[in-house]
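As a plain string of letters, each chain reads:
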Amino acid sequence: MSTPKRTYHLSAEEAAEVENLTLRIAKEYTGPEDEQLLRDLPLLATELPVGQRRFLRDFALEDELGYCVVRGHVFDDARIGPTPQHWRGRPTPTPEFAEEILLLLHGSLLGEPFGWKTQQDARLVHDIFPIKGFETEQMGIGSTDTLTLHTEDAFHPWRADYLLLECLRNPDGIATIVSEPDLKLLAPEHLELLHEPNFLIRPDDSHLAKHNVTLGVDAEFSEIDEMKADDNRVAVLYGSRKHPYLRLDPYFMETPKDPAAAAALNAVNELLEASCLDVALEPGDVLIINNHRLAHGRQAFQARYDGTDRWLKRVSITTDLRKSHERRASATARLI
Ligand SMILES: NC(=[NH2+])NCCC[C@H](N)C(=O)O
Ligand SMILES: O=C(O)CCC(=O)C(=O)O
Ligand SMILES: [Fe+2]
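Described below are features of the structure shown in this document. All values derive from a computational prediction rather than experimental measurement.

### Describing the site of ligand 1
Consideration 1: Looking at ligand 1, there are 14 residues lining it, with Q138, G140, T148, E152 and D249 nearest.
Consideration 2: Q138 has a polar side-chain atom sitting 2.8 Å from a nitrogen atom of ligand 1.
Consideration 3: One nitrogen or oxygen atom from the side chain of E152 is found 2.9 Å from a nitrogen atom belonging to ligand 1.
Consideration 4: Contact with the protein chains hides 97% of the accessible area of ligand 1, taken as 340 Å² for the molecule alone.
Consideration 5: The biggest single contributor to the shell around ligand 1 is strand 5 (residues 147-150), with three residues.
Consideration 6: Residues of the shell around ligand 1, tallied by class, amount to four nonpolar, six polar and four charged.

Laid out in structure tokens, this is it:
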């Protein structure tokens, strides 16, 4: 077996091919939530360069790396316009629909895109840019505080298998933080406790009713409230003992009363912090996160609020839509 590859650089020809593809698709569908688009994505994705598709399949099947990057996509910065002030109240489709399609095409090679009824007004493709008034919040829309390391939606059993972030703009090179810990470095007694259901992970603030307006969507904020108060303890490590998967969001976790479990959580947190790397995304980069292996965050920064701010698009991907069947409105519905 070859060593897993971290980055795929598109050639200039490939980049032009992909740009034409996404611009063409953008004319054929109504927006990122167009049911027909979501059905057609895997068919459309066969038009992506073969090297790019093989790279993504290798990443998924090898299940070795916590993240990889597809670099070199091009788009017209003038067409997408200034970085918006808020993700609410934007037109459908947005001027950056082609870039949303690019993100969805990547996702469709890894699984099925889905969204949360309790997050960003139940939109499927999220925007990550700083929003006035939220500077110090532990959410993607914050800025002046470091976004602490987390598994995306760590609290939820149906959290994403892959999380995709696409960079539209990042003039100050503000880094996404990635941490891919070598869990073998942990003491055997800590590993043992981390594999047992000793830990409470609370829903993060992006799922609170006060940050969402969900007209016409039967959002389950009451369930989020219950999850904020319940005693549903989970394991931080799971899967194989040899190369375990990881699930945590220390900022939204309670310190276990059992001192041994607290020490184990502390040990994995310290290892995560010691394993951090900066990845400064460039416009046209797609960062693919294996949400079972990587913890991620973002460096603190000063927002500009002048239309030139850092701007990412985000989508969650599941390899198994069926596991959330009970909560989706129909077999093809994408919101849970
Ligand atoms: N440690 C944390 N800050 N966890 C919450 C992560 C932010 C959340 N995923 C959002 O969309 O805003
Ligand atoms: O802004 C970034 O680089 C990461 C954002 C993030 O992790 C989030 O919004 O959950
Ligand atoms: Fe995140």
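### Concerning helix 3 (residues 50-62)
Consideration 1: Here helix 3 is 13 residues long and its end C-alpha atoms lie 18 Å apart, about the 18 Å a rise of 1.5 Å per residue gives.
Consideration 2: On its buried face, helix 3 is in contact with strand 1 (7-9), helix 1 (12-28), strand 2 (67-71), helix 5 (97-108), strand 6 (162-169) and strand 11 (286-290).
Consideration 3: D63 occupies a position one or two residues after helix 3 and carries a positive phi of about 50°.

### Side note on the packing of aromatic side chains
Consideration 1: Counting across every chain of the model gives six aromatic pairs.
Consideration 2: On the basis of an interplanar angle of 50° and a centroid distance of 6.2 Å, the ring pair of F59 and Y162 is categorised as tilted. Taken together, the residues span a long stretch of sequence, with F59 in helix 3 and Y162 in strand 6 at a distance of 103 residues. Neither residue differs from the other here; F59 and Y162 are each classed as buried.
Consideration 3: A ring pair is formed by Y251 and F252, whose centres lie 4.9 Å apart and whose planes are at 65°; its orientation type is edge-to-face.
Consideration 4: By relative accessible area, which is 10% here, F252 ends up buried.
Consideration 5: Of note, R6 hangs over the ring of Y67, and the distance from its end group to the ring centre comes to 4.1 Å.

### Observations concerning the nonpolar core
Consideration 1: With 36 residues, the main nonpolar core has L37, L105 and I288 as its most contacted residues.
Consideration 2: For this core, the elements supplying multiple residues, two or more each, are helix 1, helix 2 (35-44), helix 3, strand 2, helix 5, strand 6, strand 11 and strand 13 (311-318).
Consideration 3: If you tally residues by element for this core, the top one is helix 5, at seven residues.
Consideration 4: Apart from the residues lying within four places of it in its own chain, the contact partners of L105 are L21, T22, I25, L41, L44, A45 and L48.
Consideration 5: The next biggest cluster of nonpolar side chains, apart from the first, holds 26 residues, and it includes F199, I201, L237 and L272.

### Quick notes on the packing of helix 2 against helix 5
Consideration 1: Interaxial distance between helix 2 and helix 5 falls to 9 Å at its minimum, and their mutual angle equals 65°. Classified by the interaxial angle, the pair formed by helix 2 and helix 5 is roughly perpendicular. In the crossing of helix 2 with helix 5, the sense of the turn from one axis to the other is right-handed. When helix 2 is examined against helix 5, the residues L37, L41, P42 and L44 are found in contact with a partner set consisting of F97, I101, L104, L105 and S108.
Consideration 2: Split by residue class, the contact of helix 2 with helix 5 holds eight nonpolar, one polar and no charged.

### Description of unusual backbone geometry
Working note: non-glycine residues mostly have negative phi, and peptide bonds are mostly trans.
Consideration 1: The residue after T92, namely P93, is reached through a cis peptide bond having omega -10°.
Consideration 2: Summarising the element assignment, P93 is placed in the loop between helix 4 (77-80) and helix 5.
Consideration 3: Positive phi is not limited to glycine here, since Q120 has a value of about 40°.
Consideration 4: Mapped onto the secondary structure, Q120 falls in the loop between strand 3 (112-114) and strand 4 (126-128).
Consideration 5: Among the residues examined, Q120 registers a relative accessible area of 7% and is labelled buried.
Consideration 6: If you check the backbone angles, D121 has positive phi at about 50° while not being a glycine.
Consideration 7: Judged by its relative accessible area of 17%, D121 falls in the buried class.

### Quick word on the pattern of salt bridges
Opposite charge on two side chains makes pairing possible when the charged atoms of those side chains draw close.
Consideration 1: Summed over all chains, the structure comprises 25 salt bridges.
Consideration 2: E47 is the partner of R24 in a salt bridge, and the nearest nitrogen-oxygen pair spans 2.9 Å. Pair noted here: R24 is in helix 1 and E47 is in the loop between helix 2 and helix 3, with a separation of 23 residues, a long-range link.
Consideration 3: Measuring nitrogen to oxygen at the nearest pair gives 3.0 Å for the salt bridge that ties E152 to R314. Placement of the pair is E152 in the loop between strand 5 and strand 6 and R314 in strand 13, with a sequence separation of 162 residues. Both residues of the pair, E152 and R314, count as buried.

Criteria and cut-off values
- Residues numbered from 1 in each chain as written.
- Chains lettered and ligands numbered in written order.
- Predicted model: local features only at pLDDT ≥ 70, side-chain atom pairs only at ≥ 80, totals over all residues.
- Heavy atoms only, no water.
- Near = heavy atom within 4 Å.
- Polar contact = N/O pair within 3.5 Å; in protein donor to acceptor, adjacent residues only side chain to side chain.
- Areas by Shrake-Rupley, 256 points an atom, 1.4 Å probe, with all protein chains shown as cover.
- Helix = DSSP H or I, 4+ residues; strand = E, 2+ residues; numbered from the N terminus.
- Nonpolar A, V, L, I, M, F, W, Y, C, P; charged D, E, K, R; others polar.
- Expected span 1.5 Å × (residues − 1).
- Contact = heavy atoms within 4.5 Å.
- Phe/Tyr/Trp six-rings, centres within 6.5 Å; stacked < 30°, edge-to-face > 60°.
- Buried < 20%, exposed > 50% of the residue type's maximum accessible area, 1.4 Å probe, protein only.
- Lys NZ or Arg CZ within 6 Å of the ring centre and 35° of its normal.
- Core = buried A, V, L, I, M, F, W, Y, C linked by side-chain atoms within 4.5 Å.
- Axes fitted to C-alpha atoms, helices over the stretch in contact; angles between N-to-C directions.
- Parallel < 35°, antiparallel > 145°, perpendicular 65-115°, else oblique.
- Left-handed = near helix turned anticlockwise from the far one by under 90°.
- Salt bridge = Lys/Arg side-chain N within 4 Å of Asp/Glu carboxyl O.

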